[in-house]
Amino acid sequence: QNVRSWTRRGHPYLDSSTMSSSPILVDRVPELLTRTEPLSPSLLASLAVGPDPTIVELPAGTELHSLVASHVMKHASAARSFGMRVGSGNSRCCDGSDSEDDDDAQSRVATKVLGLGTFEFTFESAKIFAVHHTLGEVVGTNCSASLMRTLVLVSDADISALVRFCDHLIAAADACTGNVFNIFRWHVQHQYWHKAETAQARPVESVVLPAELKSKLVDDIADFAAPATKQWYVQHGIPYKRSYLLHGSPGAGKTSIIQALAGRFKRNVCYFSSLSHPEMTDDGLKSAVQRVPAKSILVFEDIDAVFTGGRGKKDGDKSAVTFSGLLNALDGVGGSSGQLFVLTTNHRERLDPALIRNGRVDMHVHFSDATSEQMRMLFAQFYPKAEPALAAAFEEALTAELGERTVSMAQLQAYFIQMRKRPAEAAAAEVKKVMEEVVTRMIREDEGAASDGKTQPGEEAAAEEEAAVAGEEKKEPQKAAAAAQPSKEVHVHVHVGS
């Protein structure tokens, strides 16, 4: 055998032409690759810049990398290199595409991302080159083989100009303009708030809630946002933040009012839905609060589902977030100036008192099932041309039909969707259909409560085993009694002679 091996940057290669049998791999220690420059001298020389340019490197996976790449796609001259991925129509707001088709906004579409290459654009009259390139060799990741990708900014302008450029992109990403607001979600692995989509803001008046409840929330946030309020908080050494607990019946409008308030006060909505992520830690939660976009509403939905029995972790929850880490985040430890915290739950009684005490949660807002006022308001919203008397008749008939029972706003909305092709008079008269849905819900709840009371699989097996043992014990006396009885068997003996 004449087997030779080569190591090129740490990878073995075999000369197959000389192999007469199975190859033999010779392990070699890979050479440590180092670099002291973000770009090779030859690539840097190809750019129209001076001998001593300013260079800024933005690794892939960072928020600035995403913001700069989106900007380059929109503003770079002669940009022709792109990548493609599947996204929703709303995600095109982040890649520079414009679509006014409502159907496109709700469908899966191809969205473009910045491809590899050199791109040129200007900012404040300064020429900037963006070099999007790969570096090194292919490495294995959790999903597939991958190359290190980085985006490098090169300009003859000084570093302050590039800092202003990045600050400009951050401010633009955080801004809520017109009748839309931004929705962000925390990216655990890369530790930044990812702009998931933009959403159309709805007027607060369109949310069918009791007028007193809406006015209570709107007035409180307006007072908090006033410049004099901030100055008062600073003077008294109190963290300038405001926290709300929205609790009560499911389908009562908690999510709807959050989005309406975001549109009213031009704030982003940041959903923190990764508290149970395996890689989530107290430090990660602290970083999320520190880096939350300016003027945001930070939402912790279904906060009762994070910790069971007050402070205990749920079964299967592999995150390292502790109860004290969550309390520190709500207290504003780590920086959250001017932010609004909103906690939602359908079961306030399950929350630890320390989580919702005064000073940590400033206002508790209860959301109940549909009131008489909401019944009339929702009827008028679906039938705006109907007479007010018809809405009142609907409310009276439905209240009489329900008796002591209640109906959720989600159930009422489902009823009006069902009746969307019927006239207002029919919707006001056929309230028995609402009652049928209420009864169905009650039956489902009773069945769910009954299933909660059933024995667990292990307990059921143990019960079956005990029953089997008891059955065998009962059989023993029966066997003994049977043995004591005279035998009724007939024995036949056949003798065969030789």
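These numbers come from a predicted model, not from an experiment. (Residues numbered from 1 in each chain as written. Predicted model: local features only at pLDDT ≥ 70, side-chain atom pairs only at ≥ 80, totals over all residues. Heavy atoms only, no water.)

Caption draft 1: Focus on the overall build of the chain. Along its length, the chain carries 15 helices and 17 strands. Looking at the chain residue by residue over its 498 residues, the buried ones come to 37%. Across the chain, every contact between residues at least 6 apart in sequence was considered, and the portion connecting residues at least 24 apart equals 67%. For the chain, the exposed area adds up to about 29100 Å²; of that, 52% sits on carbon and sulfur atoms. (Helix = DSSP H or I, 4+ residues; strand = E, 2+ residues; numbered from the N terminus. Buried < 20%, exposed > 50% of the residue type's maximum accessible area, 1.4 Å probe, protein only. Contact = heavy atoms within 4.5 Å. Areas by Shrake-Rupley, 256 points an atom, 1.4 Å probe, with all protein chains shown as cover.)

Caption draft 2: Quick peek at the packing of aromatic side chains. Following the criterion strictly, the structure yields 17 aromatic pairs and no others. Relative to Tyr-233, the ring of Trp-232 has its centre 5.6 Å away and its plane inclined at 80 degrees; by these criteria the two rings are edge-to-face. By the ring-pair criterion, three or more aromatic residues cluster together here, those being Phe-379, Phe-382, Tyr-383, Phe-394, Tyr-415 and Phe-416. (Phe/Tyr/Trp six-rings, centres within 6.5 Å; stacked < 30°, edge-to-face > 60°.)

Caption draft 3: Structural context of the nonpolar core. In this structure, Phe-181, Leu-217, Tyr-244, Leu-246, Ile-257 and Phe-367 are the most contacted members of the largest nonpolar core, which totals 33 residues. Elements with a minimum of two residues in this core: β9 (180-187), α5 (211-225), β11 (241-248), α7 (254-264), β12 (268-271), β13 (296-300), β16 (339-345) and β17 (363-367). Every residue in contact with Leu-217, bar those within four places of it in the chain, is listed here: Tyr-244, Ile-257, Leu-261, Met-363 and Val-365. Met-280, Phe-307, Phe-341 and Ile-356 belong to the second-largest nonpolar core, a separate cluster that totals 31 residues. (Core = buried A, V, L, I, M, F, W, Y, C linked by side-chain atoms within 4.5 Å.)

Caption draft 4: The arrangement of unusual backbone geometry in detail. Despite not being glycine, Gln-191 shows a phi value in the positive range, around 60 degrees. When you line up the elements, Gln-191 lands in the loop between β9 and β10 (192-200). A positive phi angle is found at Lys-266, which is not glycine, with a value near 55 degrees.

Caption draft 5: Focus on the pattern of salt bridges. For the structure on display, the rule yields 10 salt bridges. Close ionic contact of Lys-127 with Glu-120 constitutes a salt bridge, the shortest N to O distance being 3.8 Å. A residue is classified by how much of its surface remains accessible, and Glu-120, at 31% relative accessible area, is partly exposed. A salt bridge links Arg-422 to Glu-430; the nearest nitrogen and oxygen atoms lie 2.9 Å apart. Within the structure, one salt-bridge network assembled from shared partners comprises Asp-220, Arg-242 and Asp-362. (Salt bridge = Lys/Arg side-chain N within 4 Å of Asp/Glu carboxyl O.)

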